Amino acid sequence: MPARLDRRHFLSLLAAGTAGGCITQAKEQPPGAADDEPLSSGRAQSSQHIVYHYEDPFDFGVMQGPEITDKNFVGKNNDLPTCFFADQKRMRWALQHMSVLQRTQRIARGREVLEFSYEPLDYSSVSVKAANGKDISVDQWLERTETDGFLALYLSRDQGPLVATEQYFNGLKPDRLHHLWSMSKSLSAGLVAHAMEKKLLKREGSVGDILPELKQSGLGTATIDQVLNMASSAKTYVGDPWSFDGMIDFALRRWMVACGLIEWNEMDPELLKLGCLGFLATVGKEANRETGFDYKDVDSRAAVAAAERVLGRPFHELFSDLIWSKLGAEQDASVCCDQVGNALTPG
């Protein structure tokens, strides 16, 4: 019989599961939706205790058939935002097949694979607060958040780390890569920490001193500590700082174009030639802004660029040698890159 799991231990387990899983946008619930809605049928459990909830986007004709047309193509003109927001099925296919839609670089695993033992835990009595404040079961929570993969580990004093539950939804499989979005930032920051440990970077060091090409940008005077904490004065909007349209214009029409995620920009076609690092040099400075946290992809990428510069190698090689190959990963990873070959480490 599986062990019982109380709420306190489940919350610790949940933190590990969320970090290891891939949770995409939440499913909208109609007004007055019942909180005891049953989980979708089709669950099957393997002898290795892996649970599959199957509804594969392939089954709906996405990227299938002898001729790819607008009806079954995941996105028009290889435009990632189009396929991300067109519908759930196309988005799910895209998140599990980024190498088809975007340039990627291989991150090689090491030779030894770390194997975990399974000790399933019964979490049926554990509830989670839904957005409406009501308690729902963990299974209901996984379905409503449109989770693609859920892995939870716990540490046993006698046996070390054990797998409490491993579940796959929406066609995801153990050997299929899934886009990590901004969880990549936490991983790539490890390279910056390594450079600091080697005394090659200092927290108080200036980004502009390490990357002279950024000296005149809004990132030039920021310290490594500030870009690590997204506290630079870099301007990440166009026009009114409080305008949602201004932030979207910066992100979708400038940053994502420069990164090669969108292959057009009617107002500034030169953006396509920049790549993500070239774009950093064009970022302005926000006047009269007190330093403090402000979520910015450009800060994160500047920190990694500084580590790449002092360590003398590109991200995918460094991350493979220093981190991924040491973890006992079973599969190679990959990182999306721009049209110039720079890794898109912000996710």
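Bear in mind that the values here come from a model prediction, so they are computed numbers and not experimental data.

**Notes on the overall build of the chain**
For step 1, the next point in the chain: Within the chain one finds 12 helices and 12 strands.
For step 2, the next point in the chain: Out of the 347 residues in the chain, the part that is buried amounts to 46%.
For step 3, the next point in the chain: For the chain, contacts bridging at least 24 residues in sequence account for 67% of all contacts bridging at least 6.
For step 4, the next point in the chain: With the model as given, the accessible surface of the chain reaches about 18,900 Å², and the carbon-plus-sulfur share is 53%.

**Overview of the side chain of Lys296**
For step 1, the next point in the chain: Within the secondary structure, Lys296 sits in the loop between α10 (275-280) and α11 (297-311).
For step 2, the next point in the chain: Note on Lys296: relative accessible area 1%, which makes it buried.
For step 3, the next point in the chain: A distance of 3.3 Å separates a polar side-chain atom of Lys296 from the backbone oxygen of Ser232.

**Examining the pattern of salt bridges**
For step 1, the next point in the chain: Counted under the stated rule, the structure contains 13 salt bridges.
For step 2, the next point in the chain: Of the charged contacts in the structure, one is a salt bridge between Glu146 and Arg92, with a shortest N-O distance of 2.7 Å. Note that Glu146 is positioned in the loop between α5 (138-144) and β10 (147-156) and Arg92 in helix α3 (residues 88-95), a separation of 54 residues in sequence.
For step 3, the next point in the chain: By relative accessible area, Glu146 is classed as buried at 12%.
For step 4, the next point in the chain: Its relative accessible area of 3% is what places Arg92 among the buried residues.
For step 5, the next point in the chain: Ionic pairing is found between Asp135 and Lys129, a salt bridge with its closest N-O pair at 3.2 Å.
For step 6, the next point in the chain: By relative accessible area, Lys129 is classed as exposed at 52%.
For step 7, the next point in the chain: Three or more residues are tied together by salt bridges with common partners; here these are Arg92, Glu146 and Asp148.

**Focus on unusual backbone geometry**
For step 1, the next point in the chain: Even without being a glycine, Trp181 presents a positive backbone phi close to 50°.
For step 2, the next point in the chain: In this fold, Trp181 is placed in the loop between β11 (160-169) and α6 (183-197).
For step 3, the next point in the chain: The exposure class of Trp181 is partly exposed, given its relative accessible area of 36%.
For step 4, the next point in the chain: Its identity as a non-glycine residue notwithstanding, Met230 has a phi of 50°, on the positive side.
For step 5, the next point in the chain: Mapped onto the elements, Met230 comes out in the loop between α8 (224-228) and α9 (244-258).
For step 6, the next point in the chain: For Met230, a relative accessible area of 7% puts it in the buried group.

**Digging into the packing of aromatic side chains**
The geometry of an aromatic ring pair is captured by the separation of the ring centres together with the interplanar angle, meaning the angle of the planes.
For step 1, the next point in the chain: Applying the stated criterion to the full structure yields four aromatic pairs.
For step 2, the next point in the chain: When the centroid spacing of 6.4 Å and the interplanar angle of 25° are considered together, the rings of Phe319 and Trp324 count as stacked.
For step 3, the next point in the chain: Ring pairs connect the aromatic residues Phe315, Phe319 and Trp324, which therefore count as one cluster.

**Some details on the nonpolar core**
For step 1, the next point in the chain: Membership of the largest hydrophobic core comes to 46 residues, with the highest contact counts inside it found for Leu201, Ile224, Trp255, Phe279, Val298 and Phe315.
For step 2, the next point in the chain: Looking at this core, the elements with two or more residues in it are α6, α7 (207-210), α8, α9, α10, α11, α12 (315-322) and β12 (333-336).
For step 3, the next point in the chain: No other element matches the eight residues that α11 contributes to this core.
For step 4, the next point in the chain: Among all residues touching Phe279, those that are not within four sequence positions of it are Phe250, Arg254, Trp255, Ala258, Leu271, Leu274 and Val298.
For step 5, the next point in the chain: Counting residues in each nonpolar core, the second largest holds 13 residues, with Trp141, Leu142, Phe150 and Ala164 among its members.

Reading the values: the criteria
- Residues numbered from 1 in each chain as written.
- Predicted model: local features only at pLDDT ≥ 70, side-chain atom pairs only at ≥ 80, totals over all residues.
- Heavy atoms only, no water.
- Helix = DSSP H or I, 4+ residues; strand = E, 2+ residues; numbered from the N terminus.
- Buried < 20%, exposed > 50% of the residue type's maximum accessible area, 1.4 Å probe, protein only.
- Contact = heavy atoms within 4.5 Å.
- Areas by Shrake-Rupley, 256 points an atom, 1.4 Å probe, with all protein chains shown as cover.
- Polar contact = N/O pair within 3.5 Å; in protein donor to acceptor, adjacent residues only side chain to side chain.
- Salt bridge = Lys/Arg side-chain N within 4 Å of Asp/Glu carboxyl O.
- Phe/Tyr/Trp six-rings, centres within 6.5 Å; stacked < 30°, edge-to-face > 60°.
- Core = buried A, V, L, I, M, F, W, Y, C linked by side-chain atoms within 4.5 Å.

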